[in-house]
Amino acid sequence: MSGCAAAEQAVSAAPPSVAVPAGPALTVTDPWVKVTGEGMTAAFGTLVNNTGAEVRVVSGTSPLSPKIELHEVVESGGKMVMRPKKGGFVIPARGTHELTPGGDHIMLMDITGKVEPGAEIPFTLTLDGGGTLRFTAIGKEFAGGKEDYQPGSGKDGMHAGGDGEDKG
């Protein structure tokens, strides 16, 4: 009988396999930051939700910038404008959310140094509920279409102020 009790204890001491996570709830693929010398820049990539429930990114930090905002690009008054995305980025269960030039992106304001090609920029994204995602994005040249990521960049039709007003 004592042999059965020992076997029972060993089995009950092991955590059930369903409680062991297969990996992080949220990952990012191909993260990159647009190279720049000063002012503002933006980070891009694909957020991947590895869970069966919706995940929401609510904020971000990086040593490169004292102020980071989660942005979207929308039409306002016939112009495409950048503005903070209310509620953050929502990644559906087992789905993805693209961060792209001219679309949703992570905006870095008042950067504290240059972003050169190949630079490694650390980020921490905070999730609704308090979890975090840490990753490193690589500096990358990008000529782009209509995004400059500088304040008052009316020549490109894109404005970092978020209110549709040209700040330049």
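See the structure above.
Scope of this entry: the structure provided in the associated data block. As the structure is a computational prediction, the values presented were derived from the model and not from experiment. (Residues numbered from 1 in each chain as written. Predicted model: local features only at pLDDT ≥ 70, side-chain atom pairs only at ≥ 80, totals over all residues. Heavy atoms only, no water.)

**Focus on the pairing of strand β2 (residues 41–49)**
Right, on to step 1. The buried fraction of β2 is high, at 9 of 9 residues.
Right, on to step 2. Pairing of strand β1 (residues 26–34) with β2 involves 6 bridges; the strand directions are antiparallel. Paired with T27 across the bridge in β2 is V48.
Right, on to step 3. Taking the residues that link successive antiparallel strands as the turn, the β1-β2 hairpin has 6 residues, and the phi of G39 there is positive, at about 80 degrees.
Right, on to step 4. Judged from the 3 bridges that link them, β2 and strand β8 (residues 105–109) form a sheet pairing that is antiparallel. Opposite A42, over in β8, you have M107 as the bridge partner.
Right, on to step 5. Alignment of β2 against strand β7 (residues 96–99), held across 4 bridges, turns out to be antiparallel. Pairing of G45 across the sheet is with L99, part of β7. (Buried < 20%, exposed > 50% of the residue type's maximum accessible area, 1.4 Å probe, protein only. Helix = DSSP H or I, 4+ residues; strand = E, 2+ residues; numbered from the N terminus. Pairing = 2+ DSSP bridges.)

**Focus on the pairing of strand β5 (residues 79–84)**
Right, on to step 1. Looking at chain direction, strand β4 (residues 67–76) and β5 are connected through 6 bridges and run antiparallel. The partner of S76 across the bridge, within β5, is K79.
Right, on to step 2. The loop that links β4 with its antiparallel partner β5 comprises 2 residues; one of these, G77, has a positive phi angle of about 60 degrees.

**Focus on the packing of aromatic side chains**
Right, on to step 1. Per the counting criterion, the structure on display carries 3 aromatic pairs.
Right, on to step 2. Geometrically, the ring pair formed by F123 and F135 is stacked, given 5.2 Å between the ring centres and 5 degrees between the ring planes. One end of the pair, F123, is in strand β9 (residues 120–127); the other, F135, is in strand β10 (residues 132–140), with 12 residues separating them in the sequence.
Right, on to step 3. Residue classification places F135 among the buried residues on the basis of a relative accessible area of 11%.
Right, on to step 4. Here the aromatic residues W32, F44 and F142 are joined through ring pairs into a cluster of three or more.
Right, on to step 5. Seen from the ring of W32, K140 lies directly overhead, with NZ or CZ sitting 4.5 Å from the centre. (Phe/Tyr/Trp six-rings, centres within 6.5 Å; stacked < 30°, edge-to-face > 60°. Lys NZ or Arg CZ within 6 Å of the ring centre and 35° of its normal.)

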